[in-house]
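# Working through the structure, step by step
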There are 2 protein chains.
Amino acid sequence: MLTYTIPDDLKMPIYEYIYQCIKKDIIKGKLKAHDKLPSKRALAANLNVSVITVENAYGQLIIEGYLSAIEKKGYFVNSLQIPFSIESELSLERSEEDRTIGLDLQRNAVSASSFPIDTWSRISRKILLEKREEIFISADKKGYLPLRKAIAQHLREFSSIDAIPDQIIIGAGSEYLYNLLALLLGKERIYALEDPGHQGIERVYALNDVKHVHIKLDKEGISMKDLLESKATVAHISCAHHFPTGITTSAARRYELLKWAMANDGYIIEDDYDNEFRLKGKPIAPLYSIDNSQRVIYMNTFSKTISPTFRISYLVLPKKLKELYRQKMGFLSCPVSTFDQMILAEFIESKYFERHLNRMRNHYKGLRDALVNELKKQEYYSHIRIRESDSGLHFLLEYDYAVSDQEIAKQALKLGMKIAPLSYYYHGECVTHTLVINYSGLDIDKVKEVAKKLEMIFKEKAS
Amino acid sequence: MLTYTIPDDLKMPIYEYIYQCIKKDIIKGKLKAHDKLPSKRALAANLNVSVITVENAYGQLIIEGYLSAIEKKGYFVNSLQIPFSIESELSLERSEEDRTIGLDLQRNAVSASSFPIDTWSRISRKILLEKREEIFISADKKGYLPLRKAIAQHLREFSSIDAIPDQIIIGAGSEYLYNLLALLLGKERIYALEDPGHQGIERVYALNDVKHVHIKLDKEGISMKDLLESKATVAHISCAHHFPTGITTSAARRYELLKWAMANDGYIIEDDYDNEFRLKGKPIAPLYSIDNSQRVIYMNTFSKTISPTFRISYLVLPKKLKELYRQKMGFLSCPVSTFDQMILAEFIESKYFERHLNRMRNHYKGLRDALVNELKKQEYYSHIRIRESDSGLHFLLEYDYAVSDQEIAKQALKLGMKIAPLSYYYHGECVTHTLVINYSGLDIDKVKEVAKKLEMIFKEKAS
């Protein structure tokens, strides 16, 4: 007879416990194929539980196929081939990323204090009151229509991009969109990436088996000669403000690129990741806005303008790719929560987004000025040059000392400061003497600390 | 001459409307290859619009490749091979108009009124007060750690799955995870899919160039004979409750599957999409919970338990795949908003999720009972059979009439009711006489209407 002790402090229904015990005995081989189990009544009496309880346990085992009930004969263990020996494994392994770095001048962050999260929250409450039902209705596959409308409107006012909502696809971060584009344009193509450039882009292409080449930049942008020689037919570039060098692709180069795309059945992916934060003058008009050949795909994210933790990005497809998108991948659901899209739509529509951008531009300007001013006070200032500080949320700090930027970065890390060396963004091996100072996540009262730590490093390394 | 009536309350530019009309006529075959279109001037006069408007419409059709302009001859329809049958597209693809369908028994929906959105909102306010900074800190790449902990705890209590947070990866919906898994396990493998099965799964694999085969099901689950012959090394299955047939993979078949995986360096993707809603008895124990060979990858989503519009899903990787994941794709950012992950973590931790599941189970049970009771009252009840109504959020309605289920579904659509025929989920052509009744999004006061509409259809089709 089966005998199981039912614990006093059992945290599950008794029938479930009995079911578990019997199942375990079957898996372990204590109960073998064709073994007959006690009748429900007998087992109930033995375990001092109700017949119903045993019935429920047996029922579950029958549904899952461990037992068979044969009429007028009783319950029998089924024949199972269990292909492994049972051993319970216990592991207490844990992993947690280290976020203890004090000064991080590399990460893609925005400061929590500067985002109007209360406005965001107020909008979400308003939606709960007024559009509660809509939160539970699946958005259009391309993304929530009012959000795509709001983005289209914003692009028209801000970036001279004239697009209809139907051309816009909402995605969950840039990485998601890179893969989407490779699927849309085809993986038999060769994709040209900027060198130096964002490592994340290359990694996504490599992961998805997309053939890609690295093209050097000259002062006007990506090298046309190298691009032509590479046989690439897709160029993934950031025209307005190249990361990390800050180069703006010249008008002449832009038209060369468009010509190249038209002549080679090619496409240009314009990754406009931080154009909203040009700190001086007007934002650079996107390549998309001068393209009449429908060869430019525009992409942007709200990572810099709102927060990278919100995971919302978008594409603007040229009209002629719309139909291809629909046929090939129109079935894909939008990966962003409808509720979040509703809040963002209202945030943009009600002009909070525009106000936030203006405020942030001032915030970053103040931050940059404070940091640069602090650097100016330092003895080493005559040995460094600040470059490209008017565009985007980082600048380059070039120095005269012989030590490599990788060495400087290593040293900085020892002092609890994370800075990326420019050489980090090059595809091949190279030695540069430039640091990429990404100040977007820096607290303004930490600028002095940054300047001082650099002093310690330069002093040691220069001596 | 083409004649289209332009609605007074048109919500798009007139040229776009004309473009749409002509395109539809081409796709439907009303306008055939090499047909000549009227001149711009003639069509403009006929439709009483400007020549520019027609020019824009024609222009768009030329760009998209529907028309060619031949100089001095006019506009001609191009020869197109349209790779899908128009009818199935019109009847089953989801488009924006679908939302006007009165009774939708096909869509994956939850009722807005049943989700405790106020609790959700209260948690979000609490987080704003207590953890505001954290909203702006990028979550761990695999997902927000406290959410992965909460899911691990929930799985332990609810599904007999013993996993540590480090094995869990948060994704933005199931489609996102399908691709992730294909990248992880490798695209050189052949993936076995269930036939019948979710079309969405196949589409994602096809889009990502993943080789896949369709394996028939018998009463115990996926056919082992066909699986072995297919040379597949990954089986993507739903053991607990197969969609749409409701079959639960038997224990014997489960161990055969595990044996197969071990013998072929194979993996089983266990897509446990709606096991929480077993309406009678316990949820079926996942295959993952009896696998000691580390060959089963468990995946689930919050689409059914919370809402498909929240776009949160997760994987549980067997321990031995963790390191491969880290190496191959550990750099990928989690695609879900940190804030949303924080809310969900707290929602699960504070047991609101469990309470919600219990409430929903009762809700769905009530809904199913009401619907089945209503069906019982109908004359045609003796000609139908309700199958698999205890598991998940849909049941099968098998009927005796000779008419195909596709015909019934078409007829239902005409009456404003969307129901999927079982045959829709088969890979090849087949005729079945079974409707898949997905009642999860149905209002309880609409059950009578559903029963009555079915009566109208059966009456007409049976006579």
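The following paragraphs examine the structure supplied in this document. (Residues numbered from 1 in each chain as written. Chains lettered and ligands numbered in written order. Predicted model: local features only at pLDDT ≥ 70, side-chain atom pairs only at ≥ 80, totals over all residues. Heavy atoms only, no water.)

## Overview of the interface of chain A and chain B
Taken together, the contact pairs 77 residues of chain A with 82 residues of chain B. When the two sides are added together, the surface that chain A and chain B hide from each other amounts to roughly 7,200 Å², 56% of it contributed by carbon and sulfur. At the surface where chain A touches chain B, the tally comes to two salt bridges. A salt bridge links R132 of chain B to D118 of chain A; the nearest nitrogen and oxygen atoms lie 2.9 Å apart. The tally of links from chain A across to chain B stands at 11 residue pairs in polar contact (both at pLDDT 80 or more). Among the secondary structure elements, those contributing two or more residues to the side of chain A that touches chain B are α1 (14-28), α3 (51-63), α4 (117-130), α6 (174-185), α7 (199-207), α10 (319-329) and α11 (338-349) of chain A. (Contact = heavy atoms within 4.5 Å. Buried area = accessible area lost by both parts, 1.4 Å probe. Salt bridge = Lys/Arg side-chain N within 4 Å of Asp/Glu carboxyl O. Polar contact = N/O pair within 3.5 Å; in protein donor to acceptor, adjacent residues only side chain to side chain. Helix = DSSP H or I, 4+ residues; strand = E, 2+ residues; numbered from the N terminus.)

## As for the packing of helix α5 (residues 145-159) of chain A against α11 of chain A
Residue and element names in this part refer to chain A. As a packed pair, α5 and α11 sit with axes 8 Å apart at the nearest point and diverge in direction by 30 degrees. Considered as vectors, α5 and α11 are oriented roughly parallel to each other. Of the two possible hands of crossing, α5 and α11 adopt the one that is left-handed. Across the interface between the two elements, P146, L147, A150, I151 and H154 of α5 pack against Q341, L344, A345, I348 and E349 of α11. Looking at side-chain class alone, the contact of α5 with α11 contains seven nonpolar, two polar and one charged residues. (Axes fitted to C-alpha atoms, helices over the stretch in contact; angles between N-to-C directions. Parallel < 35°, antiparallel > 145°, perpendicular 65-115°, else oblique. Left-handed = near helix turned anticlockwise from the far one by under 90°. Nonpolar A, V, L, I, M, F, W, Y, C, P; charged D, E, K, R; others polar.)

## Quick look at the packing of aromatic side chains
Applying the stated criterion to the full structure yields 49 aromatic pairs over all chains. Consider the rings of F302 of chain A and Y314 of chain A, whose centres lie 5.6 Å apart with planes at 45 degrees: the pair is tilted. Residue F302 of chain A is found in the loop between β10 (296-301) and β11 (313-316), and its partner Y314 of chain A is found in strand β11; the two are separated by 12 residues along the sequence. Of the two residues, F302 of chain A and Y314 of chain A, neither departs from the other in class, the shared state being buried. Taking 4.9 Å as the distance between ring centres and 35 degrees as the angle between the ring planes, the aromatic pair formed by Y401 of chain A and F458 of chain A counts as tilted. In this pair, Y401 of chain A is assigned in the loop between β13 (394-399) and α13 (405-414) and F458 of chain A in helix α14 (residues 447-462), connecting sequence segments 57 residues apart. Like F458 of chain A, Y401 of chain A is buried. Through pairs of rings, three or more aromatic residues link up here, namely F115, W120, Y288, Y298, F302, F310, Y314, F347, Y352 and F353 of chain A together with F136 of chain B. When the ring centre of Y267 of chain A is taken as origin, the NZ or CZ atom of R295 of chain A, which lies over that ring, is 4.9 Å away. (Phe/Tyr/Trp six-rings, centres within 6.5 Å; stacked < 30°, edge-to-face > 60°. Buried < 20%, exposed > 50% of the residue type's maximum accessible area, 1.4 Å probe, protein only. Lys NZ or Arg CZ within 6 Å of the ring centre and 35° of its normal.)

## With respect to empty space enclosed by the protein
If you roll a probe as big as a water molecule over the atoms, it shows you where there is empty space left. Inspection of the entire model under this criterion finds six cavities of 30 Å³ or more. Its boundaries defined by the atoms lining it, the largest cavity holds a volume of some 310 Å³. As for the largest cavity, its lining consists of 26 residues, of which E175, Y176 and N179 of chain A together with Y176 and N179 of chain B are closest to the centre. Elements with a contribution of two residues or more to the lining of the largest cavity: α6 and α7 of chain A together with α7 (174-185) and α8 (199-207) of chain B. (1 Å grid on protein atoms, 1.4 Å probe; cavity = no way out; pocket = protein on both sides within 12 Å on 5 of 7 lines; lining within 4 Å. Points joined across faces, edges and corners; volume = space filled by probe spheres on them.)

## Re the sheet that holds strand β7 (residues 221-222) of chain A
Pairing between the strands of a sheet comes from backbone hydrogen bonds, and it takes one of two forms, parallel or antiparallel. Residues and elements named next belong to chain A. With mixed pairing, eight strands are arranged side by side in an open sheet as β4-β11-β10-β9-β8-β5-β6-β7. Two strands close off the open sheet at either side, each with one partner strand: β4 (168-171) and β7. Both β10 and β11 contribute to a ladder of four bridges, which runs antiparallel. Within β11, the residue paired with M299 across the bridge is L315. (Pairing = 2+ DSSP bridges.)

## Focus: the environment of Y424 of chain B
Residues and elements named next belong to chain B. Turning to its location among the elements, Y424 is positioned in the loop between β15 (420-421) and β16 (434-438). The class for Y424 is buried, based on a relative accessible area of 16%. Between the alpha carbons of Y424 and V49 there is a distance of 43 Å; along the sequence they are 375 residues apart.

## Thoughts on the sheet that holds strand β16 (residues 434-438) of chain A
All names here are of chain A. Pairing is antiparallel across the open sheet formed by four strands, whose spatial order is β12-β13-β16-β15. Both edges of this open sheet fall to β12 (384-387) and β15 (420-421), since each of them pairs with a single strand only. Note: β13 against β16, five bridges, orientation antiparallel. Looking across to β16, one finds that H394 is bridged to N438.

## As for the pairing of strand β2 (residues 74-77) of chain A
Residues and elements named next belong to chain A. Relative to β2, strand β1 (residues 67-70) runs antiparallel, the two sharing four bridges. In the strand pairing of β2, L67 is matched with V77. Once β1 ends, the chain turns through three residues before running back antiparallel as β2, passing K72 with a positive phi of about 65 degrees.

## Thoughts on the environment of M342 of chain A
Residue and element names in this part refer to chain A. By secondary structure assignment, the location of M342 is in helix α11. M342 sits 110 residues away from K452 along the chain, and the two C-alpha atoms are 45 Å apart. Apart from the residues lying within four places of it in its own chain, the contact partners of M342 are I127, K131, E134, I135 and Y144.

## Looking at a positive patch on the surface
Residues R122 and R125 of chain A together with R122 and R125 of chain B make up a contiguous surface patch of positive charge. Those elements giving two or more residues to the positive patch turn out to be α4 of chain A together with α5 (117-130) of chain B. Mapped onto the secondary structure, R125 of chain A falls in helix α4. Exposure remark for R125 of chain A: the relative accessible area of 36% places this residue in the partly exposed category. (Patch = residues over 30% accessible without salt bridge, like charges linked within 9 Å, V, L, I, M, F, W, Y side chains within 5 Å. Areas by Shrake-Rupley, 256 points an atom, 1.4 Å probe, with all protein chains shown as cover. Lys, Arg positive; Asp, Glu negative; His and termini not counted. Charge placed at Lys NZ, Arg CZ, Asp CG, Glu CD.)

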